[in-house]
Amino acid sequence: MIVSNPPYIKEEVIPTLMEDVKDFEPHLALSGGQDGLDFYRRICKEGKAVLSSDGYLCFEIGHDQEMEVKSIMKTEGFSDIYSLRDLGGNHRVVIGKLP
């Protein structure tokens, strides 16, 4: 099982974050690239090399990234992909299985 909370904030959004986040968190810990999905693509692709058959990949996601992350996982061959909501009702976790 791989569990990851990768950087997922779109580059253009970083300047609008609260000052205690944008001024003190390393940029690398925040930026997921132009669309916020760079690390999801990389981890899905490279994760297949270390997961065994029937291994799981679990991500924390941004509140608006559910469909995109599911699509990336499907493209990379993951199955049984689903999401979980946080206490606020937002999709915040996506899980998939490597067949």
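Structure: see above.
The present account deals with the structure reproduced in this document. Because the structure is a prediction, the values reported are computed rather than measured.

**A word on the packing of helix 3 (residues 38-47) against helix 4 (residues 66-75)**
Next up, step 1: Look at helix 3 against helix 4: their axes get within 9 Å of each other, and the N-to-C directions meet at 25°. Between helix 3 and helix 4, the angle is such that the two are roughly parallel. In this structure, helix 3 crosses over helix 4, and the sense of that crossing is right-handed. Two secondary-structure elements touch here, helix 3 through Tyr40, Arg41 and Cys44 and helix 4 through Val69, Ile72 and Met73.

**Overview of the nonpolar core**
Next up, step 1: Membership of the largest hydrophobic core comes to 19 residues, with the highest contact counts inside it found for Tyr40, Cys44, Leu57, Phe59, Val69, Met73 and Phe78.
Next up, step 2: Counting residues per element, the ones that place at least two in this core are helix 3, strand 2 (56-60) and helix 4.
Next up, step 3: Tallying contributions element by element places helix 4 first for this core, with three residues.
Next up, step 4: In contact with Phe78, not counting residues within four places along its chain, are Cys44, Lys48, Leu51, Leu57, Met73, Gly96, Lys97, Leu98 and Pro99.

Quick notes on the rules
Residues numbered from 1 in each chain as written. Predicted model: local features only at pLDDT ≥ 70, side-chain atom pairs only at ≥ 80, totals over all residues. Heavy atoms only, no water. Axes fitted to C-alpha atoms, helices over the stretch in contact; angles between N-to-C directions. Helix = DSSP H or I, 4+ residues; strand = E, 2+ residues; numbered from the N terminus. Parallel < 35°, antiparallel > 145°, perpendicular 65-115°, else oblique. Left-handed = near helix turned anticlockwise from the far one by under 90°. Contact = heavy atoms within 4.5 Å. Core = buried A, V, L, I, M, F, W, Y, C linked by side-chain atoms within 4.5 Å. Buried < 20%, exposed > 50% of the residue type's maximum accessible area, 1.4 Å probe, protein only.

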